[in-house]
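Analysis of the macromolecular model
The primary structure of each chain is shown beneath.
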Amino acid sequence: MIISPRSDFAGEFAIPGDKSITHRAVMFNAMAEGEALVTNALLGEDCLSTASCMRALGAEVSVQDGAIRVKGAPLHDAECFCGNSGTTMRLLMGLIAGQRLNASLTGDASLSKRPMERVAKPLRLLGADIETTDGTAPVYVRSAKLSGREVDTATASAQVKSALLLAALGADGETFVHESVKTRDHTERMLAAMGADIRVIGNTVRVKKSALRAADVEVPGDISSAAYFMALGALLGETLCKNVGVNPTRTGILSVFDQMGVIYSLENERTVCGEPVADIRVKKSALKPIVLSKEIMPSLIDELPVIAVLCAYAEGESVITGAEELRIKESDRIKTTAEMLANFGGDVMAREDGFVIRGRKTLAGGSADSYLDHRIAMSAAVALAASEKGGEIKNAECVNISFPGFYGMLG
């Protein structure tokens, strides 16, 4: 994909549905009683993997006119292929354990390298019978009786927490899941809306055995996808991203904007299906360097590659630490982000848990490989659009995982 340099960039953008919420809306309705329609669903490859797995488990799931219709059914044993989707595999581990089913979970070559023991280990504390393959996929879940208990999550991960909450829906007694750092809470909000006996007390979630009722979901735009057009507004002109989810567990990038001096505003704020939503306007800004540490990471982990791009265009040294989670995404995002910025003429040093980026207010441009990581491809596109000469992204088609049509909107 060739990206030409831009002297300005402006417009209004309809952002695709939130990936995290689409996954959950399909998965939870598939295990619920009744039928539901998921509108503004993200129809990227990852969410379609979730739809395929729920069909394999016995639910009726169909895609029609940009929406997903889900009819719950008694689920049964199955072989589930999760594609490239870590969310699908990790949440299914908890769901299948809670439903006392037998299933094998496999994925593509990339997903098969990602850690699954971090989910299996806490699920075993509830009594789940789960076997990983040297800590990764394939994963085998076998029917076992679960009992509620208190669990401290060793990893600040919404996927680990969500897997535990889904398992707890089928466990005897009460389960308490304690987090050291609060992670995105889409699971808690949606389960509550669907009738689960669930309560949030600070950084603890209490769940009792529950049956779910199907519920229609209007999926807000994904702030992780909006981030690229928000960044383009900050670098080149003015952008308005419409109907974006601004759940406070997901808005770390707005805190970064505050630090960097980015001019932005939230307009038309409202609540849709229990999730806060707004239109986000961003204007061209003189960017300042930032310092980020571990505490903020759960609220912006997916946006860090594009935040690193903004740091490269700031004036001064930015330091990002506590982001070791980036090492185990679709690519090693510390390595691939640093390589991408260096290829474009940036001054960046990769650390084990983050970056030191010396911003120069400009990048020359050049060529970079996405390493089949959608977030690296889209971050590279932003960097090149604002660069002096533009350049090329290799293996650029991977954006279809989360943002089909991205390049068309970029123009």
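Residues numbered from 1 in each chain as written. Predicted model: local features only at pLDDT ≥ 70, side-chain atom pairs only at ≥ 80, totals over all residues. Heavy atoms only, no water.

1. As for the UniProt feature "binding site: phosphoenolpyruvate" (unreviewed entry) in the protein
As recorded in UniProt, the feature "binding site: phosphoenolpyruvate" (unreviewed entry) lies at K19, G86, R114, Q159, R333 and R375. With respect to the helices, strands and loops of the structure, R114 is situated in the loop between β7 (103–106) and α4 (117–125). Non-local contacts of R114, meaning those with residues more than four positions away in its chain, are made with N84, G86, R90, G135, T136, I328, K329 and E330. Within the element layout of this structure, R333 appears in helix α10 (residues 333–343). A relative accessible area of 1% places R333 in the buried class. Contact partners of R333, with chain neighbours within four places excluded, come to D302, P305, L326, F355, D373, H374, R375 and I376. Side chain to side chain, R333 and E330 meet in a polar contact 2.8 Å long. (UniProt positions renumbered as here; feature names shortened; annotations may be inferred. Helix = DSSP H or I, 4+ residues; strand = E, 2+ residues; numbered from the N terminus. Contact = heavy atoms within 4.5 Å. Buried < 20%, exposed > 50% of the residue type's maximum accessible area, 1.4 Å probe, protein only. Polar contact = N/O pair within 3.5 Å; in protein donor to acceptor, adjacent residues only side chain to side chain.)

2. A word on the sheet that holds strand β18 (residues 291–292)
Here 4 strands make up an open sheet; going across it, the order is β18-β19-β21-β20 and the pairing mixed. Sheet topology places β18 and β20 (347–351) at the edges, where each strand pairs with a single neighbour. Bridge analysis of β18 against strand β19 (residues 315–320) gives 2 bridges, and the strand direction is parallel. When the bridges of β19 are listed, L292 appears paired with I320. (Pairing = 2+ DSSP bridges.)

3. Quick word on helix α8 (residues 252–260)
Those residues of α8 that fall on the buried side of the exposure criterion are G252, I253, L254, V256, F257 and M260. Against the buried residues of α8 lie α7 (223–236), β16 (263–272), β17 (275–283), β18 and α9 (304–312). Just downstream of α8, G261 is the residue with a positive phi angle, here 80°.

4. Describing the environment of D197
As for its position among the elements, D197 is in the loop between α6 (186–193) and β12 (198–201). In sequence terms D197 and K209 are 12 residues apart; their C-alpha atoms lie 7.2 Å from each other. When neighbours within four sequence positions are excluded, D197 is seen to be in contact with R206, V207, K208 and S210.

5. Quick word on the nonpolar core
One finds L292, L304 and F406 to be the most contacted residues of the largest nonpolar core, which totals 74 residues. Discounting chain neighbours no more than four positions away, the residues touching L304 are L292, M297, I320, A323 and L326. Counting residues in hydrophobic clusters, the runner-up holds 66 residues, among them M31, V70, A78 and L164. (Core = buried A, V, L, I, M, F, W, Y, C linked by side-chain atoms within 4.5 Å.)

6. A few points about the pairing of strand β22 (residues 366–369)
In summary, the side chains of a regular strand alternate between the two faces of the sheet. Bridge analysis of β22 against strand β23 (residues 391–394) gives 4 bridges, and the strand direction is parallel. Along β23, the bridge assignment pairs G366 with G391. Taking the sense of rotation as the criterion, the β-α-β connection linking β22, helix α11 (residues 374–385) and β23 turns out right-handed. (Right-handed = clockwise from strand over helix to strand, strands pointing away.)

7. Overview of the pattern of salt bridges
Scanning the model with the defined rule gives 32 salt bridges in all. Here R142 ties to E131 by a salt bridge, and the two come within 2.6 Å at their closest N and O atoms. A residue pair is termed long-range when its members are at least 10 positions apart, and R142 in strand β9 (residues 136–142) and E131 in strand β8 (residues 129–133) qualify at 11 residues. A relative accessible area of 36% places E131 in the partly exposed class. Residues R184 and D302 are paired through a salt bridge, measuring 3.5 Å at the closest nitrogen-oxygen approach. Within this pair, whereas R184 is found in the loop between β11 (174–178) and α6, its partner D302 is found in the loop between β18 and α9, the two being separated by 118 residues in sequence. The residues R184 and D302 share a single accessibility class, namely buried. Residues joined in a network through salt bridges with shared partners are R184, D302, K329, E330, R333 and D373. (Salt bridge = Lys/Arg side-chain N within 4 Å of Asp/Glu carboxyl O.)

8. Comments concerning the state of the cysteines
Scanning all chains against the criterion turns up 0 disulfides. Free cysteine C241: the closest other cysteine sulfur is in C47, separated by 19 Å. You can see C273 has no disulfide; the closest cysteine sulfur is in C47, sitting 16 Å from it. (Disulfide = S-S within 2.5 Å.)

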